[in-house]
Amino acid sequence: MTSEYPETSAYGRVAILVSALVGVVLAVGSVWLTTFLLGGSAGASSESLFRVAPTVQDGGVGADWTAGNTIPALDFLIALIHAADVILGVFILVLVFIHWAVFRRLASRMRRPDGDRRSEGIATDGGREPGTGGERPTGRDTDAERNGAERGNPEAGSGDGGDRR
Amino acid sequence: MTNLDHGKFTRVTTVFHALLALDVFVLFFTGYGIMFNDELWWLVTLMGGNEGVTAIHRLVGVGLIALIGFWMTLMIVTPTGRSNFRAIIPTPEDAKAFVQDILFVLGRVDQRHPNARQFAGYDADEIPLLSYVGKGVIFIFSVELTLLSISGLLIWSKTALMGFFQTKTAAMAFVVFHGLLGVIMLMGIMFHIFEHGFHPAFYPLETKAFIPREMIPEDHGDSEADTTGIENLTLSPSWGWVTSLMGFFVVTGIVSVLLGSIFDEGYPVPRELAVGGGPTNLLLTIGINIGILVLFVGLVLSLYGNVLRSRWERQIEQERDRTTATDGGQRSDD
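Residues numbered from 1 in each chain as written. Chains lettered and ligands numbered in written order. Predicted model: local features only at pLDDT ≥ 70, side-chain atom pairs only at ≥ 80, totals over all residues. Heavy atoms only, no water.

Caption draft 1: Expanded view of the overall build of chain A. The helix and strand tally for chain A stands at five helices and one strand. If you list the helices and strands of chain A from N to C, you get β-α-α-α-α-α. Per-residue burial over chain A gives 39% buried out of 165 residues. Long-range pairs, those at least 24 residues apart, make up 34% of the contacts in chain A with a sequence separation of at least 6. Put simply, chain A shows about 8,800 Å² of open surface, and 63% of that area lies on carbon and sulfur atoms. (Helix = DSSP H or I, 4+ residues; strand = E, 2+ residues; numbered from the N terminus. Buried < 20%, exposed > 50% of the residue type's maximum accessible area, 1.4 Å probe, protein only. Contact = heavy atoms within 4.5 Å. Areas by Shrake-Rupley, 256 points an atom, 1.4 Å probe, with all protein chains shown as cover.)

Pasting the structure below:
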C-alpha cells in the first residue's frame, strides 16, 4: 500500500493578490460611495440623536416615535423577511433534528469507548447487527483492519474480530 | 483514506473559511447585541456600549465586504474557482440525499446517500465536493451575505437615509430589515456548528474546512473495501452527553432567536408603535443567551480547527524528516 500527498490545483499567488486588492477596493469604495451618494456622515449617531426626545411630552427613550413606519413597500419587506425567518427557521430545525438522529444512528455503529462494539442503538433501528448499517459499512474487517493504521485509528487494526457478534 | 476523510479544500479556501467565520461571529455578537439588546445587555456593555458595539460592527462589516470581494474575484479569475461553480450546482441527487436522510433516520434504509455523507472513509472518491447541506449553505449564505452587505451599506449613515426618505421610521425599517435578514443566517450558523462539530466520526470537529487537501495523504493501495469503515472508529466517551446538550442548546437557540425576531425587532418603531421592543421575559432571555453560547462554541471550534491544522503541519514535517533520514535522503512524497 502506498500513500502520498495529492497534486492539488491550488490558486496562484498573483490571482490571490489581485483578488485581495479587489476586495479591499470594493470594501472601502462601497462605504465611500454610499456615504458620498447619500450625503450623510457615519459620525452622527442616530441612536444618540433620537434616544431622548425632550420636545415630545413625557419624553424618554423612544418617546419621539410618534408614528410607525408609513412606507408600505418597506412594511411589506419586513413582513416578507419575518415570513422567511419563520419558514427557513422551521426548515433549519428539521435539518437539526434529522442530523441529530443520523448522528445517533451512526454512533451506534461505532466502537464503544470501553471496547465493547455493541450498542443499544442497534436494537432500536431494526435489530440489525452492528456491521450492516451506518454510512454503508459492510463489516469487511479484513480490509478495514489492513488500512486501519493509516486511517489514524490505533484500534482499527487490533483485530478483535470486527463488529459481528 | 485517512480518518480525516475527503479533505478537498485548498489552503486558500481553508484560510478564507477561518477568516469569514471569525468576521461573521463578531458581526453576530455585535449585531444581535444591538437587536436583542434587552436580552444581551451584558454583551453590549462588554463591547463598549452602544457606540462601541456599532463601531465594531461597522469595522467588521467592511472586512466582510472585503472578504466577499476577494472570494468572488478569485472564483471568477481562476480555473480552479470556475470549476468549483459546477461543483456547487444542486442536482436531483441532492434532493434524493435529503429524502434518504429522512429514511435513514426512520430506519428504512441502511446507508446515507453519497451526497449526504460527511464521513466517507473508504468511499471518499465517490463523494462529491459538497454534500446537499453544503450546497444549501453556500447558496443561502451567498444570498444572505450579499443582501446583508447591501442593506448594511444603506444603513451605514442612518441620518442620511432619514434625510433621503424624509422620515425617521423608514431608516429604522432598513435597520430592522437588515437584522431580520441576518436571523436566517444566525439560525443557519447554529445548525452549521452542530453539523460539523458533532458528527460522531469527527467529534469534536470536522477538520475538512481547516486542514488543506494538499496536507492529507491519499491512499493509492489496492483496497477494494466497499465500506466506509465507520464501524472501525471508536466513539469518543463524551460524545453522547455533549452532543445531547449541544443539540438541546442549538434547538433552544434557534427557537429563541426566531421568537425573539418576531417580538423584538430591535428598534422602538419598526412597523407598529411598540416602545420597548415587545415582550421580554425570562425564558426568552435565557434562550437567546443560549443561542449566543452556541455561537461562542462555534467560535472556539473554529479557532481549534486552526490549532489542529498547525499541529497537523508539524506532524507532517516530523514524518518527512523521519522518512528522509531512513531512506537515504529521498522524500517519500517527491
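Caption draft 2: Expanded view of the packing of aromatic side chains. Under the definition given, this model contains 16 aromatic pairs over all chains. Summarising the aromatic geometry, the rings of F198(B) and Y203(B) are spaced 6.1 Å apart at their centres and angled 40 degrees between planes, so their arrangement reads as tilted. For F198(B), a relative accessible area of 4% puts it in the buried group. Through a chain of ring-to-ring contacts, three or more aromatic side chains come together here, namely F97(A), W100(A), F103(A), F194(B), F198(B) and Y203(B). Just above the ring of F104(B) sits the side chain of R105(A); from NZ or CZ to the centre is 4.5 Å. (Phe/Tyr/Trp six-rings, centres within 6.5 Å; stacked < 30°, edge-to-face > 60°. Lys NZ or Arg CZ within 6 Å of the ring centre and 35° of its normal.)

Caption draft 3: Main features of the pattern of salt bridges. Residues and elements named next belong to chain B. Inspection of every chain in the model, using the stated rule, returns six salt bridges over all chains. The shortest N-O distance in the salt bridge between R11 and E313 comes to 3.2 Å. One end of the pair, R11, is in helix α1 (residues 11–35); the other, E313, is in helix α10 (residues 282–326), and 302 residues separate them in sequence. Residue E313 is classed as partly exposed on the basis of its relative accessible area of 31%. Ionic pairing is found between E93 and K96, a salt bridge with its closest N-O pair at 3.0 Å. Taken together, the positions of E93 and K96, both in helix α5 (residues 92–105) and three residues apart, correspond to about one turn of that helix. (Salt bridge = Lys/Arg side-chain N within 4 Å of Asp/Glu carboxyl O.)

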